[in-house]
Structure formats: structure tokens, C-alpha cells
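What follows is the residue order along each chain.
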Amino acid sequence: MTLIKSISGIRGTIGGRSGDNLTPIDAVKFAAAYGIWLKEYSKKDKLKVVVGRDARLSGEMIQNLVVSTLIGLGIDIVDLDLSTTPTVEIAVPMEKADGGIILTASHNPKQWNALKLLNEKGEFLDAAQGAKILDIAEKEDFDFCDVDDLGSITRNDSYIDIHIDEVLELPLVDADTIRKAKFKVVVDGVNSTGGIAIPKLLEELGVEVVKLYCDPTGHFPHNPEPLKEHLGDICALVIEEKADFGIVVDPDVDRLAFIDNTGEMFGEEYTLVACADYVLGKTKGNTVSNLSSSRALRDITQKHGGTYEASAVGEVNVVTKMKANKAIIGGEGNGGIIYPESHYGRDSLVGTALFLMLMAENGGTVADLRASYPSYFMSKKKIQLTPGLDVDGILTAMAEKYKDEEITTIDGVKIDFAENWVHLRKSNTEPIIRIYTEAKSQSQADELADRIIGEIKAVAGL
């Protein structure tokens, strides 16, 4: 089960058999399905699609396959080559393109890759559009162009710089204020495109940068998911360099985590809390995060007089809820910042700039800032899926078991207790059930997670 077709795109491991993994045949099939769908959706004779990739080892191969397939459908390509997910997202409307494809498996290890699909706004497709593409791919009813009608390629490697310029022009980002603070920051780019984009942005803002794993070779030096257990090197280097803080991004730069001045994790859940605190302090408004995100965002939003709402997990769901709720900032507790003033996509460059502004204006240390926020602790665990496991049946049984608590079922099952909560859901990106809990202490969060895992295993007969 290493080819996953979901709201998050087409994701799989490289190699193996077609249909079971992300092989060249699968890359071509899903690129063709996207191209066919885009023709039907846009109702235009001539289409343009922006394509970019992170630095993972299979990226160039998958990019060549995808680009050639779209050209074969008569679609013109703007090739950004090495890029970031948010950079491709802003490039689509700037290029007046009809869609975009980002070739990245985000936080997954190096053997994974994926096609993330965008519409003409540079936003992820909704579930109905994704289902249509999967249906086209399944039928394999592709009609390619004659030789005289093939698409063309335009290469443009300037978009990371354009993206940085866009961040610097945001009304709530003042470069002079940040320069005066004379920050020193360590950056872990996990040897992908964040190693290009984040240091460039910081240098534009007058920040002294210490680079760690910023060479975009695709050889990830550690598990690329920005979690505490993977980040010992940068935590040590922040202390050694006497830096103000550290910045960690995932391979496609849509997840952002900070290390405080003592070498401790700021907490990926608190990336959004801090950025929202800054934005809400300047502009009154509402916020949105997903069901698996910390209650701390709700607390900060209410402190500033705004309204907080939760969406199903998945960036497109957060964006839909943000638009409905007129949220001025939102995102996901995995370090994904969505700031509509820039664009409706998770963006670590925007998040970095907002965080720098907060620190520059507040003074004090990053550790002090973290201590000023409501203190919640999360446990994030998972159960590996096995063939034949009835996930829906398990989730229904758990909802029934806790029917007297506050239950939300728009995405798996979330059980809200008075002092803590647990969210159970099947992952969009891996063959697992995720078990997220939050409580007032780490031990309570871990104990709740372990208890629920035991109950799930009992229900499933594991």
C-alpha cells in the first residue's frame, strides 16, 4: 500500500510495480489524467501549467515524465525546476496559468514522491475535482495531440526571488524593523529547496544566517518531518552558535518549526499560534486550523476578540473554512501557516517573516515568548494499517464508546473531553491511523494516546 490517491494528491514510493508504487507509468498516467481534467475544467483551447519540484532524488525523473506528458496533451509548461510548494502556488496566478503541479512528497522520506495538483488560483483541488482525476486515470482514456499541436516549455528559475519580494512587500512585514533587531538564526533546510529559499529571505532581512543541511542534493540528513526526535543537530548548533533561534522546514517548505534560544523545540503547534498572535495584534479577525491542531490557537484568537473554527484535516479543507469564516490567518498545527494577504497556501517564507516581526517588536527571547502562551502538550502516534483492517468500523466503534462526550465526525473521530482531546483519523499521506491527543502535560497526553491505542487494538482484534 505505497501508492496513495487522496485529497493531498498522488503519492507513492519510487520503484516496484506499476499500480502499487509511484512508477514512471503511474507518473505519466496521473499527469495525463490531470491534463485531461484541466482541459474539461477550463474549457480553453490553449492551456498553461506551472511545474516545480523539491530537491528529492527522484524529482528530476518525475518532472521530466510529467512535463513531457502535459506537452503531449498540447499544454504549455512554465518550468520552475527546483522550487517550493508555496512558490509554485504564487507563480500560478502570476503567470496567468490554468493550473500547477508540485512534485514533492512533502515530509515523507526520500523514497517517496508525489504529484500535488493546483487549480488556476494556485490552490489545491477539492475532493470532487480530485475524484474526477482519479476516475480519468482509472479509465486511461487519453487523447494526445498531433505533432503540430504539442505544448512548449518556458524555463523560469527566478520565482524563489519573486516569492521573497512578495513576502517583503506584505503590509505587516517591515524589513527595517527586522534588520534593527540583528538576529542570528540557524537554518536546517534538510538538503532540499528550503536551503535555498529560507537563507535568501533571511539575508534580505538583515539576519545573520548559519546554514545547516542547506545544499539541495536531495540526500536528507535526517527524517525530513520536522519533529523533535529528528532535530538534535540543529538544537545543538543553536546553542553552540549562541543563535537567537533556529528554523526548520520540510523538503517542500510548507511546514515551519522553530528551535528556541535554549536549543529546545518551540513546538510546531505554536508556529501558527505565534504568527496568529502577531497578525491578530495588528488586524482584528478570525482564525481557522484543523481538528488535529492545538487549542492554543483558539485561546489566542479569543484573547484578541476573534472567532476560531476547526476544519477537517487537509489544506484544502482549512482554506475552504477560512474563506467561509473570513479568517485573516489560519493553517495547520504541523507548522503550516496560511496568510490570505499573501495567498491561500501553507507558506514557511511568510511564516518566517511574521515570526521575525513578532520577535523584533516584542523583544525578549524565543523561550520567553513560548512561555507566554497557553501551555498544551500533544502526543502524535500512529497505528500501521494492515490489509483487511476495517478502519471505518474501528472509528465508528470508538465514537459509540464515547458518545456521551463531545464528538466531531467530519474527519475521522474527534473526542473532546473537558481537559483534553483525542483525534483519530486515517492518514491522507501514509497507510496509517493517526492518533493525536492534547492535554495539560506531556505525560497526560501520552497516557491518553496509549490508552486509546489499546482500546483501538481491542476493537480491531490486534
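Sequence order as written defines residue numbering, which begins from 1 separately in each chain. This being a predicted model, a pLDDT of at least 70 is required before a residue's local features are given, and a value of 80 or more before pairs of side-chain atoms are given or counted; all residues contribute to the totals for chains, interfaces and linings. Note: side-chain values were computed over all heavy atoms of the structure, leaving out hydrogens and water.

A.B. asks: Any chance you could explain the sheet that holds strand β1 (residues 3–6) here in plain terms?
C.D. replies: Hydrogen bonds along the backbone pair up the strands of a sheet, which may run parallel or antiparallel. The pairing criterion is simple: DSSP has to find at least two bridges between the two strands. In this description a helix means any DSSP run of H or I spanning at least four residues, a strand means any run of E spanning at least two, and both kinds are numbered starting from the N terminus. Taken in spatial order, the 7 strands line up as β1-β2-β6-β5-β3-β4-β7 in an open sheet, and their pairing is mixed. A single partner strand is all that each edge strand has here, and the edge strands are β1 and β7 (153–155). When strand polarity is set aside, the average angle formed by the axes of neighbouring strands in this sheet is 15°. Two residues form a contact once any of their heavy atoms are found within 4.5 Å. Angles here are taken between N-to-C directions and fall from 0 to 180 degrees, while the axes themselves are lines fitted to C-alpha atoms, restricted in helices to the stretch in contact. Set on the sheet, helix α2 (residues 59–72) makes contact with β3 (48–53), β4 (76–82), β5 (99–103), β6 (112–118) and β7; between it and β3 the angle comes to about 175°.

A.B. asks: What's the story with the environment of Glu 264 in this structure? I'm lost.
C.D. replies: The topology assignment puts Glu 264 in the loop between β11 (256–259) and α9 (268–282). In the structure, Glu 264 is positioned 26 residues away from Val 238 in sequence and 9.3 Å away in space, judged by C-alpha atoms. In this view, Glu 264 contacts Lys 228, Phe 258 and Ile 259; residues no more than four positions away in its chain are not counted.

A.B. asks: When you look at helix α1 (residues 24–42) in this model, what are you seeing that I'm missing?
C.D. replies: Each α-helix winds once per 3.6 residues, and so residues spaced three or four apart point in a common direction. Over its 19 residues, α1 runs 27 Å from end to end, which matches the ideal 27 Å to within 8%, given 1.5 Å per residue. Partly exposed describes any residue whose relative accessible area lies between the buried limit of under 20% and the exposed limit of over 50%, with all areas from a 1.4 Å probe on protein chains only and scaled to the type maximum. Every buried residue belonging to α1 is among Asp 26, Ala 27, Lys 29, Phe 30, Ala 31, Ala 32, Ala 33, Tyr 34, Gly 35, Ile 36, Trp 37 and Leu 38, and all of these are buried. Every helix has an expected span of 1.5 Å times one less than the residues it contains.

A.B. asks: Just to check I follow, could you spell out the environment of Met 398 for this structure?
C.D. replies: Within the fold, Met 398 resides in helix α14 (residues 391–401). For the pair formed by Met 398 and Leu 424, sequence separation is 26 residues and the distance between their alpha carbons is 9.0 Å. Beyond its immediate stretch of four places on either side in the chain, Met 398 contacts Ile 415, Leu 424, Ile 452, Glu 455, Ile 456 and Val 459.

A.B. asks: Explain the pattern of salt bridges to me, please; I cannot follow it from the model alone.
C.D. replies: One side-chain nitrogen of Lys or Arg within 4 Å of one carboxyl oxygen of Asp or Glu is enough to make a salt bridge. Evaluated as defined, the whole model comprises 32 salt bridges. Of the charged contacts in the structure, one is a salt bridge between Lys 48 and Glu 95, with a shortest N-O distance of 3.9 Å. Pair noted here: Lys 48 is in strand β3 and Glu 95 is in the loop between α3 (85–94) and β5, with a separation of 47 residues, a long-range link. One salt bridge connects Lys 380 with Glu 268, and the closest N-O pair in it is separated by 2.7 Å. Taken together, the residues Lys 380 in strand β16 (residues 377–384) and Glu 268 in helix α9 connect sequence positions 112 residues apart. Under the relative-accessibility criterion, Glu 268 is labelled buried at 8%. Within this structure, Lys 116, Asp 252, Asp 254, Glu 315, Glu 332 and Arg 346 form a network of salt bridges that share partners.

A.B. asks: How should I be thinking about the packing of α1 against α2 in this particular structure?
C.D. replies: Relative placement of two packed helices is described by the angle separating their axes and the distance separating the axes. One can describe the packing of α1 onto α2 by two numbers: an axis separation of 9 Å at closest approach and a directional angle of 40°. Here α2 runs oblique to α1, going by the angle between their axes. Seen from above, α1 lies across α2 with right-handed handedness. Residues Pro 24, Ala 27, Val 28, Ala 31, Ala 32 and Gly 35 of α1 pack against Ile 62, Leu 65, Val 66, Thr 69 and Leu 70 of α2. Here the term charged refers only to Asp, Glu, Lys and Arg, the term nonpolar to Ala, Val, Leu, Ile, Met, Phe, Trp, Tyr, Cys and Pro, and the term polar to all other amino acids, Gly among them. Residue composition of the contact of α1 with α2, grouped by class: 9 nonpolar, 2 polar and no charged. Angles are sorted into four bins: roughly parallel if under 35 degrees, roughly antiparallel if over 145, roughly perpendicular if 65 to 115, and oblique for all others. By definition, turning the near helix anticlockwise from the far helix through less than a right angle yields a left-handed crossing, and turning it clockwise yields a right-handed one.

A.B. asks: Would you explain the side chain of Asn 334 in this entry?
C.D. replies: By the element assignment, Asn 334 lies in the loop between β14 (327–332) and β15 (336–338). Each residue touching Asn 334, except ones within four places of it in the same chain, is listed here: Arg 255, Leu 256, Glu 268, Glu 269 and Arg 346.

A.B. asks: I'm lost on the environment of Gly 263 in this one. Help?
C.D. replies: Within the element layout of this structure, Gly 263 appears in the loop between β11 and α9. The exposure class assigned to Gly 263 is buried, which follows from its relative accessible area of 8%. Each C-alpha atom, one on Gly 263 and one on Lys 242, is 9.6 Å from the other, the two residues being 21 residues apart in sequence. Those residues in contact with Gly 263 that sit more than four places away from it in its chain are Cys 235, Val 238 and Ile 239.

A.B. asks: Quick question: what am I supposed to make of the packing of aromatic side chains here?
C.D. replies: Remark: the centre distance and the inter-plane angle together describe each pair of aromatic rings, the angle taken between the planes. In this scheme Phe, Tyr and Trp rings, the latter by its six-membered ring, pair at centre separations within 6.5 Å, and the angle between planes marks the pair as stacked below 30 degrees, edge-to-face above 60, and tilted otherwise. Going through the model one piece at a time under the given rule, you end up with 11 aromatic pairs. Here Phe 258 and Phe 355 contribute two aromatic rings whose centre-to-centre distance is 3.8 Å and whose plane-to-plane angle is 15°, an arrangement assigned as stacked. One end of the pair, Phe 258, is in strand β11; the other, Phe 355, is in helix α12 (residues 348–362), with 97 residues separating them in the sequence. Here Phe 258 and Phe 355 have matching classes, each one buried. One aromatic cluster is present, built from ring pairs that chain together Phe 183, Phe 245, Phe 258, Phe 266 and Phe 355. Cation placement over rings: the criterion is NZ of Lys or CZ of Arg within 6 Å of the ring centroid and within 35° of the ring normal. Above the face of the Tyr 344 ring, Lys 323 is positioned so that its terminal group lies 5.0 Å from the ring centre. Directly above the aromatic system of Trp 421 lies the positively charged group of Lys 414, at a separation of 4.1 Å from the ring centroid.

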